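These are the residues of each chain, in order.
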Amino acid sequence: MKKLLSLLLCVSLLCALSAPAFAASSVEKNEAIAKENDANTDIRIEEINDSLLFIYTDDKLVFCSQIDIDGNVSFAYVGKAQKQMYESGVMRLDEVIDDIDLNNISKKVISESIASWSGAIMDRLSEFEVVHSMDCSTILDVSETREQVDSRASTPISTELNKTFGPDYIGSFVGLSSKSYDGVDYTVYCHGNQSTYQLKYAPYEFFAGQTLVAIAAWIATGGFSFSLQWFLSAAGALTSTFGAGEALAQAISGNLYVYECDRTRIVTVPAYTSTVQYWAGWTLKSTFLDNGSTWNVSTYHNIKHSDYDDVSGLIQTGFNNFVAYTLQ
């Protein structure tokens, strides 16, 4: 299947990618192709310094390759059942892929071919010498209160949560309106609720010399929705080149948290029924990175119902529903 996927990806990238804009556009196009082939497959391409990262995930495997403009390639992969990462050394691209002209390597060439080259590597994983490099089992799906997280973080996360989402609330007054039907007056209310939940927790500690391809694979294994570039910047990491491969110049450590904030505005006519007549929601998801001294926040999901901010419209729709389903 990976050979077919590689061919489709290669064709799509040849048709769609160009110059500096390829990194962003390739994500959407590769995701679309992945969905056509397997609903549980995700593919991303990211530019990092003078190289490109290709990140592939499905139900059984996380695979990340890195190819630079000097013709060097390395990869790391994680079998999801084992949570153990295996990593290659740095190899020359023409040692891995046939018919490669290293004199004609550029970011554009890599962007057009990295999907098919990576697919070829995935099909031959057993042929390459790899080493066990790290354990990925510390990435946890959890549900904890803000206070529990505060006790673990270097500085309280509550302040950051309040900056990002504001405090949670139940039954907060939003608005009311008097409505009439068949000669009777009704008071229609709109109240709001907000609840914040922790979705993921992952402590991280990467030693000096840890390769970037391994960190990118770790990010993908955790299902985090941020780029390697964002993580390195937020963690305060410096990178360098060791043995033709990119790696950390010094150790970094800290904690990652992912939170979801759910907001709802509900319409009721409490004097007559406790049934919710209409509601609109707003969901946000953000990553919080604690690098030991500061917090960095990235909101990657922000979906708001079209009626959420229209309080008078919410109340009117709720009253219409009340008339249709309660009074008639």
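Shown above is the structure to which this text applies.
No experiment lies behind these values; they were computed from the predicted model shown. (Residues numbered from 1 in each chain as written. Predicted model: local features only at pLDDT ≥ 70, side-chain atom pairs only at ≥ 80, totals over all residues. Heavy atoms only, no water.)

Draft legend 1. A look at unusual backbone geometry. Phi is positive for Asn49, which is not a glycine, with a value near 55°. As for its placement among the helices and strands, Asn49 is situated in the loop between strand 1 (42-48) and strand 2 (51-57). Backbone geometry places Asp182, a non-glycine residue, at a positive phi of 55°. Relative to the helices and strands, Asp182 is located in the loop between strand 9 (169-181) and strand 10 (184-206). We classify Asp182 as exposed; its relative accessible area is 71%. (Helix = DSSP H or I, 4+ residues; strand = E, 2+ residues; numbered from the N terminus. Buried < 20%, exposed > 50% of the residue type's maximum accessible area, 1.4 Å probe, protein only.)

Draft legend 2. Inspection of the packing of aromatic side chains at higher detail. Per the stated rule, a full pass over the model turns up 24 aromatic pairs. On the numbers, 6.1 Å between centres and 85° between planes, the contact of Phe206 with Phe231 is edge-to-face. Placement of Phe206 in strand 10 and of Phe231 in helix 8 (residues 228-234) is noted, with a sequence separation of 25 residues between them. Each member of the pair Phe206 and Phe231 is classed as buried. Seen in terms of ring centroids, Trp218 and Phe231 are 6.0 Å apart; in terms of plane orientation they differ by 50°. Their pairing is tilted. Of this pair, Trp218 sits in helix 7 (residues 212-221) while Phe231 sits in helix 8, placing them 13 residues apart in sequence. (Phe/Tyr/Trp six-rings, centres within 6.5 Å; stacked < 30°, edge-to-face > 60°.)

Draft legend 3. Representation of the nonpolar core in the model. Formed by 36 residues in total, the largest nonpolar core has its most connected members in Trp218 and Phe231. Secondary structure elements with two or more residues in this core: strand 2, strand 3 (61-68), strand 4 (72-79), strand 10, helix 7, helix 8 and strand 13 (252-268). Among the elements that take part in this core, helix 7 stands out by supplying nine residues, more than any other. When residues no more than four places from it in sequence are discounted, the contact partners of Phe231 are Tyr204, Phe206, Ile215, Trp218, Ile219, Phe226, Ile252, Leu256 and Leu289. The next biggest cluster of nonpolar side chains, apart from the first, holds 25 residues, and it includes Ile45, Val73, Ala115 and Trp117. (Core = buried A, V, L, I, M, F, W, Y, C linked by side-chain atoms within 4.5 Å. Contact = heavy atoms within 4.5 Å.)

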